[in-house]
Every structure is written in C-alpha cells, then in structure tokens.
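Spelled out from the first residue to the last, the chains are:
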Amino acid sequence: SEIEMMIRLGIYDTWIGFFAQKAYFITIYYLIFQAAFKSLPYSLVESAYLDGANDYRVMFNIMLPLVKNLMLTIVLILFITFIIRVTKLYNIITF
C-alpha cells in the first residue's frame, strides 16, 4: 500500500511523506480535469497539428492555458484543505 511504500523509502514521518500522500489526485479531480479537456474544441488541436506542433506543444501551449483557471481552483481547494488539517493537528498537539 501507499503507507508501506513510504515506510520502505524512509519518508513516512517527514514533511516530504506528508506532501507525497496528499499529492495524488483524488478521483473527483481526475474526473473534473477529464471533463474540462473533453469540453475543449478539437478544432484547436487539429489546427495546431496542421501548423506543425507536436503533442507536447499542443498540451502545454494550447490545452493547459485554456484550463489554467480550473487548475488554480483545484490547487486552492487542496491548499485550503491542507491548512485546515494542519490547524486541526496543531490544535490537537497544543491543547
């Protein structure tokens, strides 16, 4: 499991291990990204390929800028959840 792997790597009780546990995308975020990318018009991708762009250029220069607001929203939600959990942990430790 994920915890066993972190124990073997020696990062279970460290900040890196804490962030690694939270770094994976929860299924709902995956579905949100999938819906966002499917909603983009394919004509943009086709025109980029016709102009000579490769897959990486299409992804990083066309598709990702179109969903950057979604990415910012998801990062903000994850950051707020992180702050709430750290605050709860701090309150448990100090009181």
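Quick caveat, the model's predicted, so the values are computed rather than measured.

Q: Pulling in residues and values, what's your account of the overall build of the chain?
A: A count of helices and strands for the chain gives six helices and zero strands. When the helices and strands of the chain are listed from N to C terminus, the series reads α-α-α-α-α-α. Seen through its C-alpha atoms, the chain measures out along the principal axes to roughly 60 × 30 × 20 Å. Buried positions account for 17% of the 95 residues belonging to the chain. Contacts in the chain between residues at least 24 apart in sequence constitute 44% of all its contacts with a sequence separation of at least 6. Total accessible area on the chain stands at roughly 7,800 Å², and carbon and sulfur atoms take up 68% of it.

Q: Kindly report on the packing of aromatic side chains, identifying the contributing residues and their values.
A: Evaluation of the coordinates by the stated rule reveals one aromatic pair. Ring geometry for F33 and F37: centres 6.3 Å apart, planes at 20 degrees, overall stacked. One end of the pair, F33, and the other, F37, are both in helix α3 (residues 27-39), four residues apart, so they sit about a helical turn from each other. By relative accessible area, F37 is classed as partly exposed at 21%.

Q: Tell me about the packing of helix α4 (residues 42-50) against helix α5 (residues 55-66), residues and numbers included.
A: For any two helices packed against each other, one specifies the inter-axial angle together with the distance between the axes. One can describe the packing of α4 onto α5 by two numbers: an axis separation of 10 Å at closest approach and a directional angle of 145 degrees. Like other packed secondary-structure pairs, α4 and α5 cross with a definite hand, here right-handed. Facing L44, V45, A48 and Y49 of α4, the residues of α5 in contact are D55, V58, I62, M63 and L66. A per-class count over the contact of α4 with α5 returns eight nonpolar, no polar and one charged.

Q: Run through a nonpolar patch on the surface, naming residues and quoting values.
A: A cluster of nonpolar side chains, contributed by L76, F79, I80, I83 and I84, occupies part of the molecular surface with about 460 Å² of accessible area. Within the secondary structure layout, I80 lies in helix α6 (residues 68-94).

Q: Provide a residue-level description of the nonpolar core, including the pertinent values.
A: Ranked by size, the top nonpolar core spans nine residues in total: A36, L40, V45, A48, A53, V58, M63, L64 and V67. Among the secondary structure elements, those contributing two or more residues to this core are α4 and α5. Look past the residues within four positions of V67 in its chain and what remains in contact with it is A36, F37 and L40.

Q: A description of the environment of L44 should follow, citing residues and the corresponding values.
A: Examined against the element boundaries, L44 turns out to sit in helix α4. When its relative accessible area of 35% is taken as the criterion, L44 is described as partly exposed. For the pair L44 and I62, spaced 18 residues apart in the sequence, the C-alpha separation amounts to 7.7 Å. For L44, the residues in contact, after removing those within four places along its chain, are I62 and L66.

Procedures and definitions
Residues numbered from 1 in each chain as written. Predicted model: local features only at pLDDT ≥ 70, side-chain atom pairs only at ≥ 80, totals over all residues. Heavy atoms only, no water. Helix = DSSP H or I, 4+ residues; strand = E, 2+ residues; numbered from the N terminus. Buried < 20%, exposed > 50% of the residue type's maximum accessible area, 1.4 Å probe, protein only. Contact = heavy atoms within 4.5 Å. Areas by Shrake-Rupley, 256 points an atom, 1.4 Å probe, with all protein chains shown as cover. Phe/Tyr/Trp six-rings, centres within 6.5 Å; stacked < 30°, edge-to-face > 60°. Axes fitted to C-alpha atoms, helices over the stretch in contact; angles between N-to-C directions. Left-handed = near helix turned anticlockwise from the far one by under 90°. Nonpolar A, V, L, I, M, F, W, Y, C, P; charged D, E, K, R; others polar. Patch = residues over 30% accessible without salt bridge, like charges linked within 9 Å, V, L, I, M, F, W, Y side chains within 5 Å. Salt bridge = Lys/Arg side-chain N within 4 Å of Asp/Glu carboxyl O. Core = buried A, V, L, I, M, F, W, Y, C linked by side-chain atoms within 4.5 Å.

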